[in-house]
Amino acid sequence: MIPLKVARRYARALADVVWPRGEYGIVQQELQTWAELLRETLSLREVFAHPVIDRPRKERLLETLIERMKPHPTTAHFLRVVLRHGRLHDLEAIVRAFSQEIDARLGVIHVTVCSAHPLTDAETEALRQQLERTTGKTVRLHQTINNQLISGVQLRLNSEVYDGSVQARLEAIRRQLLAST
């Protein structure tokens, strides 16, 4: 598995190329397709990962795939660079880091909302709008359900957790009562 630091380095370098040209959307979409291809075709991923198979054979295979799929020139060039550095089998991690880099440049943040029950569309929209006003960024909400929660929500924004659940409130009251005795 590719270290996150290495994936981010590739992602930042690619973003630095495609951002000023406005190519990030098409390149991101195409790279996601390539990552899916490698994820779903185990034999293909193994060929690119196998150290015994020499690079010229891997390059010929990649060129055949590029001819068939006809990606944007920037996408094709990036795939060649990644292969040349022996990281094509790690493309999925690089694409994930690239998507995060593009989102950061676009001012998009991802927030995970954990609740006891699915939020209604109106609740989800109200929460998204409140978070956008608070953060000044575009918010993409991802919902999860936790049957252990009685009520309320927990928000995860990057590595920070904001706990608005009933359990958290009850625990705060318990600590206050213990502190006052």
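Structure shown above.
Residues numbered from 1 in each chain as written. Predicted model: local features only at pLDDT ≥ 70, side-chain atom pairs only at ≥ 80, totals over all residues. Heavy atoms only, no water.

Asker: Hey, could you go over the layout of surface pockets for me, with residue numbers and the actual values?
Answerer: To find leftover empty space, a probe the size of one water molecule is rolled over the atoms. Approximately 460 Å³ is the volume found for the largest pocket. Lining the largest pocket are 18 residues, and of these Q100, E101, D103, H110 and N158 lie nearest its centre. Broken down by secondary-structure element, the contributors of at least two residues to the lining of the largest pocket are helix 1 (4-21), helix 6 (91-106), strand 1 (108-115) and strand 3 (153-157). Examining the composition of the lining of the largest pocket, we find that seven residues originate from one element, helix 6, more than from any other. The class makeup of the residues in the lining of the largest pocket is six nonpolar, six polar and six charged. (1 Å grid on protein atoms, 1.4 Å probe; cavity = no way out; pocket = protein on both sides within 12 Å on 5 of 7 lines; lining within 4 Å. Points joined across faces, edges and corners; volume = space filled by probe spheres on them. Helix = DSSP H or I, 4+ residues; strand = E, 2+ residues; numbered from the N terminus. Nonpolar A, V, L, I, M, F, W, Y, C, P; charged D, E, K, R; others polar.)

Asker: Report on the side chain of S115, specifying residues and quantitative values.
Answerer: Turning to its location among the elements, S115 is positioned in strand 1. Those residues in contact with S115, other than ones at most four positions away along the chain, are T144, I145, N146, L149, G152 and V153. (Contact = heavy atoms within 4.5 Å.)

Asker: Outline the side chain of T75, listing residues and values.
Answerer: Relative to the helices and strands, T75 resides in helix 5 (residues 73-84). Of the residues examined, T75 reaches a relative accessible area of 0% and is grouped as buried. For T75, the contacting residues outside a window of four places in its chain are V27, E30 and L31. (Buried < 20%, exposed > 50% of the residue type's maximum accessible area, 1.4 Å probe, protein only.)

Asker: Could you give me a rundown of the packing of helix 1 against helix 6, with the residues and numbers involved?
Answerer: Contact geometry of helix 1 with helix 6 gives a least axis separation of 8 Å together with a crossing angle of 50°. One way to sum up the angle between helix 1 and helix 6 is to call them oblique. Crossing handedness for the pair helix 1 and helix 6: right-handed. Contacts between helix 1 and helix 6 involve A7, R8, Y10, A11, R12, L14, A15, D16, V18 and W19 on the former and, on the latter, A93, I94, A97, F98, E101, I102, R105 and L106. (Axes fitted to C-alpha atoms, helices over the stretch in contact; angles between N-to-C directions. Parallel < 35°, antiparallel > 145°, perpendicular 65-115°, else oblique. Left-handed = near helix turned anticlockwise from the far one by under 90°.)

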